[in-house]
Amino acid sequence: MGRKYVFDFDSTLTRVEALDVLAEMTLEGKSNREEVISEIQRITNLGIDGDISFTQSLEQRIKLLNAHKNDLEGLVKELRQKISKSIASNKEFFEKFADDIYVVSCGFKEFIDPIVEEYNIPSDRVYANTFEFDGQGNIVGFDVDNVLSQHNGKIECLKQMNLEGEVQVIGDGYSDYVMREAGIADKFFAYTENVHREKATNNADHIAPNMDEFLFVNDLPRNISYPKNRIKILLLENVHPAAFDNLSEDGFSVELVKTSLSEEDLIEKIKGVHVLGIRSKTQVTKKVLDAADKLLVVGAFCIGTTQIDLDYSKKRGVVVFNAPYSNTRSVVELAIGQIIMLMRNVFPRSSEIHNGEWNKTAINSREVRGKNLGIVGYGNIGKQLSVLAEAIGMRVYYYDLDDKLALGNAIKCNSLEDLLSISDVVTLHIDDNKANKNFIGEREINRMKKGAILINLARGFVVDIPALVAALKSGKLGGAAIDVYPEEPRKNGEFKTDLQGLSNVILTPHVGGSTEEAQRNIADFVPNKIMEYINAGSTVDAVNFPNIRLPKQTNAHRFLHIHKNVPGIMAKINEVLAKYEMNISGQYLSTDSEVGYVITDLDKEYNKDVIQALRKIDNTIKFRVLY
């Protein structure tokens, strides 16, 4: 007997209401087009929610449509482009279960039949209205004897179909739910991928934000093993709303929190969360990771990752991504601005004039052209600063522990001492390695030119603040710009530093990368990395994991296996796959000193027992079936 699946057409199998699309086509170029379309949509919704009789809704819309038989070909062409995303990706289900699938719609067979035929649903399993045409081919009405043209016609239609077995109805409207309410359908799934109608969802046995969820609940073959709407993403610290949009649009369940959370609160909140998005204030500690029962990924919406226990994340099989390039330009522009402001002594002049003093003078005001800029750390930021500084006429020197190729006319220094002794301005762009604590201290400041300027847009702990204060007060240094501090507050409010009150110092609250453009770039970059990992298993650009990228497969199953890097694991994996007679179409392993990560693509149906067998392999950290 088995199950029977009854699908609605408009806004379920397709993303749109077909008559609305037809109206847009037939009213093209008409002066009152927008008003008529909006009136048709209003009438559509009243009919779907059962607020007017469906017959009225149909009559009123057809009158407004002013359509012709010839328009239907164009409509079908348009609808083919508007199949619901997750319906299209699960075409295999429609082919495999063709005998059990029906379409019951208050739309019209003239445009439904050619669309669903491609999904293996023949015309005799499509129950819908039919148009009536006049002698010239104009659409003038519909077959009034068809039960589907009547109010609650779907109930009568399903009764007449007399289906055996469990009947499940999948649709977006209250007019689909009534079949369940009348007791002739066993379950109603409110389909919300395209439109969310309260009246339908409030009465549903189950809400299906996509086809994957419907198939998952029924344990049917599907494109991905675990529906994206069941993957929970928690974004903290007010990350740019575009990140929320990007991840939600891809089908994930996303929650946005404006602040960072304390360890205690995060431990509570992280249960059941698959993806955590943070910025620099949230601490992802060992305790947090132990409490994270479902966590797969941490996305740092910033450059730094010291707030995350990277080693322990790796041991727990949690992949970490950051945004190493997205705010580069913002940091560089601030550095250039600060160099000019400090060399021109702008801030003391500005403070004086704010206080009513007029002090027009050239003393301590110098051009940057021809001055020596020393860049410590020649990574993404250092290199871009090098190019811009040279463009405004500075001579650029740089120092980096790694052997980095010079851009433009920049000159590499062999030691930090060489760079400090030659530079009029020293700017720091080094990473958050703990070994960099007090990288610039009293000894290093003494090596600098008298009157030189120091800029720190890197990390607060890399500069010894008392030594810097002493050098500024004594006149050894001519000025400083500081954006980062050894200790920074978790939220906006009062803040104290010994650098306050010094007229030759520019202080900013860790805003080097905080521009609208940078936050927008990060909100695109990090979610893309998260989605590539969740959707395809790619770890390219992960900061704590072996990097793997394999092309996305369509006709294969993909297994992701993370394990401790001990000898013989790969052999055990392949032994299990051989035992269950699984044919490998692609396999890739990458390891570092602690973990191994293997992606295996298999080109046939598999026995579900293989999953348990792979999970049970000794030293397995995490195992996931992707699709």
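1. Concerning the overall build of the protein
Move 1: When helices and strands are tallied, the protein shows 25 helices and 24 strands.
Move 2: Here the protein has a C-alpha radius of gyration of 32 Å; the compact-globule value for 627 residues is 25 Å, and the former is much larger.
Move 3: Relative to its full complement of 627 residues, the protein shows a buried share of 52%.
Move 4: Within the protein, contacts between residues separated by at least 24 positions form 62% of all contacts whose residues are at least 6 apart in sequence.
Move 5: Accessible area for the protein stands at about 29000 Å²; split by element, carbon and sulfur atoms hold 47% of it.
Move 6: Within the protein, the 89 negative side-chain charges are centred at a point lying 7 Å from the centre of the 75 positive side-chain charges.

2. Observations regarding the side chain of Asp10
Move 1: Tracing the sequence through the fold places Asp10 in helix α1 (residues 9–13).
Move 2: At 2.7 Å, the side chain of Asp10 forms a polar contact with the backbone nitrogen of Ala18.

3. Quick word on the environment of Ala190
Move 1: Within the secondary structure layout, Ala190 lies in strand β7 (residues 187–191).
Move 2: Ala190 sits in the buried class, given a relative accessible area of 1%.
Move 3: Spatially, the C-alpha atoms of Ala190 and Thr620 are 39 Å apart, while their sequence positions differ by 430 residues.
Move 4: Residue contacts for Ala190: discarding those within four places in its chain leaves Gly171, Ala200, Thr201, Ala204, His206, Ile207 and Ala208.

4. Some words on helix α13 (residues 241–249)
Given 3.6 residues per turn, any residue in an α-helix points the same way as the ones three and four places further on.
Move 1: Buried within α13 are the following residues: Ala242, Ala243 and Leu247. Burial along α13 is one-sided: seen end-on, the buried residues are contained in an arc of 130°.
Move 2: In this fold, the buried residues of α13 make contact with β9 (232–235), β10 (253–256) and α23 (516–536).
Move 3: Looking one or two residues past α13, Gly251 carries a phi angle of roughly 105°, positive in sign.

5. A short note on empty space enclosed by the protein
Move 1: Across all of its chains, the model carries four cavities of 30 Å³ or more by this definition.
Move 2: There is about 50 Å³ of room inside the second largest cavity.
Move 3: Lining the second largest cavity, in full, are Phe9, Leu13, Ile83, Ile87, Phe94, Ile115, Val116, Tyr119 and Ile121.
Move 4: Counting only elements with at least two residues in the lining of the second largest cavity, the list comes to α1 and α8 (109–117).
Move 5: A class-by-class count of the residues in the lining of the second largest cavity yields nine nonpolar, no polar and no charged.

6. With respect to the sheet that holds strand β13 (residues 319–321)
Move 1: The five strands are arranged β10-β9-β11-β12-β13 in an open sheet whose pairing can be described as parallel. Looking at which strands have only one partner, the edges of the open sheet turn out to be β10 and β13. Direction aside, neighbouring strands of the sheet carry axes that sit 15° apart on average.
Move 2: In the packing of α23 onto the sheet, contacts are made with β11 (275–278), β12 (297–300) and β13, and the angle to β12 comes to roughly 165°.

7. Remarks on the nonpolar core
Move 1: With 69 residues, the main nonpolar core has Phe7, Phe9, Phe93, Phe94, Phe111, Met211 and Phe214 as its most contacted residues.
Move 2: The element that contributes the greatest number of residues to this core is strand β2 (residues 101–108), accounting for six residues.
Move 3: Setting aside anything within four residues of it in sequence, one finds Phe214 in contact with Tyr5, Phe7, Phe93, Gln168, Ile170, Phe189, Ala208 and Leu220.
Move 4: Core analysis: the next-biggest nonpolar cluster, separate from the first, contains 33 residues, Val239, Leu247, Val297 and Phe545 among them.

8. Describing the sheet that holds β7
As a general point, the strands of a sheet are linked pairwise by backbone hydrogen bonds and lie either parallel or antiparallel.
Move 1: Pairing is parallel across the open sheet formed by six strands, whose spatial order is β3-β2-β1-β6-β7-β8. At either margin of the open sheet sits one strand with a lone partner, and together these are β3 (126–129) and β8 (206–208). Taking each pair of neighbouring strands and ignoring which way they run, the sheet shows an average axis angle of 20°.
Move 2: The pairing of strand β1 (residues 3–7) with β2 spans three bridges and is parallel. Bridging across to β2, Phe7 finds its partner in Val103.
Move 3: Along the sheet, helix α10 (residues 174–181) makes contact with β6 (166–171) and β7, crossing β7 at roughly 165°.

9. Thoughts on the packing of aromatic side chains
Move 1: Taken as a whole and judged by the stated rule, the model has 23 aromatic pairs.
Move 2: Ring geometry for Tyr5 and Phe93: centres 5.6 Å apart, planes at 70°, overall edge-to-face. On the criterion of sequence distance, the pair formed by Tyr5 in strand β1 and Phe93 in helix α7 (residues 91–96) is long-range, its members being 88 residues apart.
Move 3: Since its relative accessible area comes to 1%, Phe93 is described here as buried.

10. As for the packing of α13 against α23
Move 1: Interaxial distance between α13 and α23 falls to 8 Å at its minimum, and their mutual angle equals 30°. Classified by the angle their axes make, α13 and α23 are roughly parallel. Both α13 and α23 take part in a crossing whose hand is right-handed. Here α13 contributes Ala242, Ala243, Asn246 and Leu247 to the contact with α23, which in turn contributes Arg520, Ala523, Asp524, Pro527, Ile530 and Met531.
Move 2: Across the contact of α13 with α23, the residue classes break down as seven nonpolar, one polar and two charged.

11. Here's the deal with unusual backbone geometry
Move 1: Of note in this structure, Asn120 is not a glycine but carries a positive phi near 70°.
Move 2: Looking at the secondary structure, you find Asn120 in the loop between α8 and β3.
Move 3: Residue classification places Asn120 among the partly exposed residues on the basis of a relative accessible area of 38%.
Move 4: Backbone geometry places Asn345, a non-glycine residue, at a positive phi of 60°.
Move 5: With respect to the element layout, Asn345 can be found in the loop between α17 (328–343) and α18 (346–354).
Move 6: When its relative accessible area of 15% is taken as the criterion, Asn345 is described as buried.

12. Looking at the pairing of strand β5 (residues 139–142)
For a regular strand, side chains alternate in direction, first toward one face of the sheet and then toward the other.
Move 1: Relative to β5, strand β4 (residues 131–133) runs antiparallel, the two being bridged by three bridges. Across the sheet, Phe133 pairs through a bridge with Ile139, a residue of β5.
Move 2: Following β4, the chain reverses through five residues before pairing antiparallel with β5; Gly137 in that reversal takes a positive phi of roughly 90°.

13. Points about a negative patch on the surface
Move 1: Taken together, the side chains of Glu263, Glu264, Asp265 and Glu268 present a region of like negative charge at the surface.
Move 2: Take Glu263: it is sitting in helix α14 (residues 263–269).
Move 3: Here Glu263 falls in the partly exposed class, since its relative accessible area comes to 33%.

14. Here we look at the side chain of Asn327
Move 1: Within the element layout of this structure, Asn327 appears in the loop between β13 and α17.
Move 2: Take Asn327: its relative accessible area is 8%, and that puts it in the buried class.
Move 3: Non-local contacts of Asn327, meaning those with residues more than four positions away in its chain, are made with Ile303, Gly513, Ala518 and Ile522.

Quick notes on the rules
- Residues numbered from 1 in each chain as written.
- Predicted model: local features only at pLDDT ≥ 70, side-chain atom pairs only at ≥ 80, totals over all residues.
- Heavy atoms only, no water.
- Helix = DSSP H or I, 4+ residues; strand = E, 2+ residues; numbered from the N terminus.
- Rg over C-alpha atoms; globule rule 2.2 N^0.38 Å.
- Buried < 20%, exposed > 50% of the residue type's maximum accessible area, 1.4 Å probe, protein only.
- Contact = heavy atoms within 4.5 Å.
- Areas by Shrake-Rupley, 256 points an atom, 1.4 Å probe, with all protein chains shown as cover.
- Lys, Arg positive; Asp, Glu negative; His and termini not counted.
- Charge placed at Lys NZ, Arg CZ, Asp CG, Glu CD.
- Polar contact = N/O pair within 3.5 Å; in protein donor to acceptor, adjacent residues only side chain to side chain.
- Arc of directions from axis to C-beta.
- 1 Å grid on protein atoms, 1.4 Å probe; cavity = no way out; pocket = protein on both sides within 12 Å on 5 of 7 lines; lining within 4 Å.
- Points joined across faces, edges and corners; volume = space filled by probe spheres on them.
- Nonpolar A, V, L, I, M, F, W, Y, C, P; charged D, E, K, R; others polar.
- Pairing = 2+ DSSP bridges.
- Axes fitted to C-alpha atoms, helices over the stretch in contact; angles between N-to-C directions.
- Core = buried A, V, L, I, M, F, W, Y, C linked by side-chain atoms within 4.5 Å.
- Phe/Tyr/Trp six-rings, centres within 6.5 Å; stacked < 30°, edge-to-face > 60°.
- Parallel < 35°, antiparallel > 145°, perpendicular 65-115°, else oblique.
- Left-handed = near helix turned anticlockwise from the far one by under 90°.
- Patch = residues over 30% accessible without salt bridge, like charges linked within 9 Å, V, L, I, M, F, W, Y side chains within 5 Å.
- Salt bridge = Lys/Arg side-chain N within 4 Å of Asp/Glu carboxyl O.

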